[in-house]
Amino acid sequence: MSAVTLKSSLQVALLQFISGIDKSANLAKVAEFARKAISHDPKPDLLVLPECFNSPYAVDQFRKYAEIIPTGETSVFLSNLARELNVAIIGGSIPELDEASGNIYNTSVVYDNAGTVIAKHRKVHLFDISIPSGITFRESDTLKAGNKITVFDLPKNETRFGLGICYDIRFPELAQVASRRGAGVMAYPGAFNTVTGPKYWTKFAVARAIDNQNYVLMCSPARAESGYLAYGHSMVVDPNGDVIVELDEKEGIAYAELRKDIVELARASIPITIQRRFDVYPDVSKDSVVSDL
């Protein structure tokens, strides 16, 4: 396994807010929460936004709100905001229009503090589920699935991340590959609902943290009064599986410090990273397709 890449500490802020049908109002909400977050002491090095923060989370609306990346309205807005506030941003996710194919993807874009795009993740696992007496949702009715695992560095902060979107967290291979490529943090913008959220949200965050002995960031929209009912509960879990900060379902900001020594101690104390038996089972990281952006 590659050595974990994380500076001595990294300050993060998860922005949990409600998104509506007005894209301009949604972007104004991002700016409002981002400016509030950077006034916090200590100032965050990184802001994380929720899944589908610039649009409703609705299959029949994704194409209407889709933009080309990185020239679309939301991409330009986030680039300018990161540069203005001198902060890195994991841009939750937005519906992305691929100009060449016409396909729509659920895509997260990451900006460094100069506003430069340093990573782009297209949701790999689409949320197609049907729970009896619960909820039915089929992202694949509108969206195409991505086909790459995303690992990126924040150069200023010497931090390596793995990135997934919502349903991606149910599939441990993405986090395994990122961890074996040196990631000390997994970030998952997500929009679990009030059926799946209470059952699984915290369990998956804790599982991915313990599996890979890294931090897990889960950033959700806040819960609206109608339409898609997001679970909320944005949280940060440490490499030992302890929830170190958690919001409720309302709008708010979760702040946390990610410490390199906590990752290193967890991996040294219980050294599963060097105890895997690849003579018995395969190393999933060897033949994985990892994004080079």
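Cut-offs used in this document
Residues numbered from 1 in each chain as written. Predicted model: local features only at pLDDT ≥ 70, side-chain atom pairs only at ≥ 80, totals over all residues. Heavy atoms only, no water. Helix = DSSP H or I, 4+ residues; strand = E, 2+ residues; numbered from the N terminus. Buried < 20%, exposed > 50% of the residue type's maximum accessible area, 1.4 Å probe, protein only. UniProt positions renumbered as here; feature names shortened; annotations may be inferred. Salt bridge = Lys/Arg side-chain N within 4 Å of Asp/Glu carboxyl O. Contact = heavy atoms within 4.5 Å. Pairing = 2+ DSSP bridges. Axes fitted to C-alpha atoms, helices over the stretch in contact; angles between N-to-C directions. Polar contact = N/O pair within 3.5 Å; in protein donor to acceptor, adjacent residues only side chain to side chain. Core = buried A, V, L, I, M, F, W, Y, C linked by side-chain atoms within 4.5 Å. Phe/Tyr/Trp six-rings, centres within 6.5 Å; stacked < 30°, edge-to-face > 60°. Lys NZ or Arg CZ within 6 Å of the ring centre and 35° of its normal.

*Asks:* Teacher, can you tell me more about unusual backbone geometry here?
*Replies:* Residue P42 is bonded to the preceding D41 through a cis peptide linkage, with omega at 5 degrees. Tracing the backbone through its elements, the reader meets P42 in the loop between α1 (23–38) and β2 (46–48). Here the residue pair I69 and P70 is connected by a cis peptide bond, since its omega of 15 degrees sits within 30 degrees of zero. Its place among the elements puts P70 in the loop between α2 (62–65) and α3 (73–85). Its identity as a non-glycine residue notwithstanding, C52 has a phi of 50 degrees, on the positive side. Within the element layout of this structure, C52 appears in the loop between β2 and α2. A positive phi angle, near 55 degrees, is found at N86, a position not held by glycine. As for its placement among the helices and strands, N86 is situated in the loop between α3 and β3 (88–90). Overall, N86 belongs to the partly exposed group, its relative accessible area being 36%.

*Asks:* I keep staring at the UniProt feature "domain: CN hydrolase" (unreviewed entry) in the protein and nothing clicks. Help me out?
*Replies:* With numbering aligned to this structure, UniProt lists the feature "domain: CN hydrolase" (unreviewed entry) at residues 10–260. Overall, residues 10–260 shows 24% helix and 29% strand. The separation of its end C-alpha atoms is 8 Å.

*Asks:* Help me out: how do you make sense of the pattern of salt bridges in this one?
*Replies:* When their charged atoms lie close together, side chains carrying opposite charge are able to pair. Applying the stated criterion across every chain yields a total of 18 salt bridges. With a shortest N-O distance of 3.8 Å, R138 and D128 are connected by a salt bridge. Of the two residues, R138 is situated in strand β8 (residues 136–138) and D128 in strand β7 (residues 128–130); the sequence distance between them amounts to 10 residues. Look at R138 and you get partly exposed, because its relative accessible area is 42%. Using a relative accessible area of 29% as the deciding quantity, one classes D128 as partly exposed. In this structure, D211 engages R208 in a salt bridge whose closest nitrogen and oxygen atoms are separated by 2.8 Å. Highlighted residues: D211 and R208, both in helix α5 (residues 196–212), separated by 3 residues, approximately one helical turn. By relative accessible area, D211 is classed as partly exposed at 28%.

*Asks:* How should I be thinking about the environment of I90 in this particular structure?
*Replies:* Here I90 lies in strand β3. Each C-alpha atom, one on I90 and one on P189, is 8.5 Å from the other, the two residues being 99 residues apart in sequence. Beyond its immediate sequence surroundings of up to four residues, I90 is in contact with L46, L47, V48, L49, S108, V109, V110, F152, F161, L163, A187 and P189.

*Asks:* Hey, could you run me through the sheet that holds strand β9 (residues 150–154) in this one?
*Replies:* Two modes of strand pairing occur in sheets, parallel and antiparallel, and in both the strands are linked by backbone hydrogen bonds. Read from one edge of the open sheet, 6 strands run β9-β10-β11-β12-β13-β14, paired in mixed fashion. With partners counted over all chains shown, the strands left at the sheet margins are β9 and β14 (243–246), one partner each. Going across the sheet, the axis of each strand differs from the next one's by a mean of 20 degrees, ignoring polarity. By the bridge criterion, 3 bridges tie strand β12 (residues 215–219) to strand β13 (residues 235–237) in an arrangement that is antiparallel. Paired with V216 across the strands is V237, a residue of β13.

*Asks:* When you look at the side chain of T150 in this model, what are you seeing that I'm missing?
*Replies:* Topologically, T150 is positioned in strand β9. On the basis of relative accessible area, T150 is assigned to the buried category, the value being 2%. Within polar-contact distance, the side chain of T150 engages the side chain of H121 at 2.7 Å. Here T150 is in contact with A119, K120, H121, F161, G162, L163 and S291, once residues within four sequence places are set aside.

*Asks:* Explain the nonpolar core to me, please; I cannot follow it from the model alone.
*Replies:* It is characteristic of soluble globular proteins that their nonpolar side chains tend to be buried jointly. The biggest cluster of nonpolar side chains holds 27 residues, and the ones touching the most others in it are L46, I90, F152, F161, L217, V236 and L258. Excluding residues within four positions of it along the chain, V236 makes contact with L14, Y215, V216, L217, D242, V243, I244, V245, A256 and L258. Listed in part, the 24 residues of the second largest apolar core include V30, A31, F77 and I94.

*Asks:* For this particular structure, what's the right way to read helix α4 (residues 173–180)?
*Replies:* Turn by turn, an α-helix covers 3.6 residues, leaving residues three or four places apart pointing in a common direction. Burial analysis of α4 places 6 of its 8 residues in the buried class, which makes it a mostly covered element. L174, A175, V177, A178, S179 and R180 are the residues of α4 that are buried. Lining the buried residues of α4 we find β6 (117–122), β9, β10 (159–163), β11 (185–189), α5 and α6 (260–269). Count one or two residues on from α4 and you reach G182, which has phi positive near 100 degrees.

*Asks:* Quick question: what am I supposed to make of the packing of aromatic side chains here?
*Replies:* For any pair of aromatic rings, the description consists of the separation of the ring centres together with the inter-plane angle of the planes. Evaluation of the coordinates by the stated rule reveals 13 aromatic pairs. With a centroid separation of 5.8 Å and 40 degrees between ring planes, the pair formed by F127 and F137 is classed as tilted. Here F127 is found in the loop between β6 and β7, whereas its partner F137 is found in strand β8, with 10 residues between them in sequence. The two residues F127 and F137 agree in class, both being buried. Considering the side-chain rings of F137 and Y228, the 6.0 Å spacing of their centres and the 70 degrees angle between planes classify their relative orientation as edge-to-face. Pair noted here: F137 is in strand β8 and Y228 is in the loop between β12 and β13, with a separation of 91 residues, a long-range link. On the accessibility criterion, F137 (10% relative accessible area) is buried. Sitting over the ring of Y105, R122 keeps its end group 3.8 Å from the ring centre. In this structure, R170 packs its charged tip against the face of Y200, placed 4.3 Å from the ring centre.

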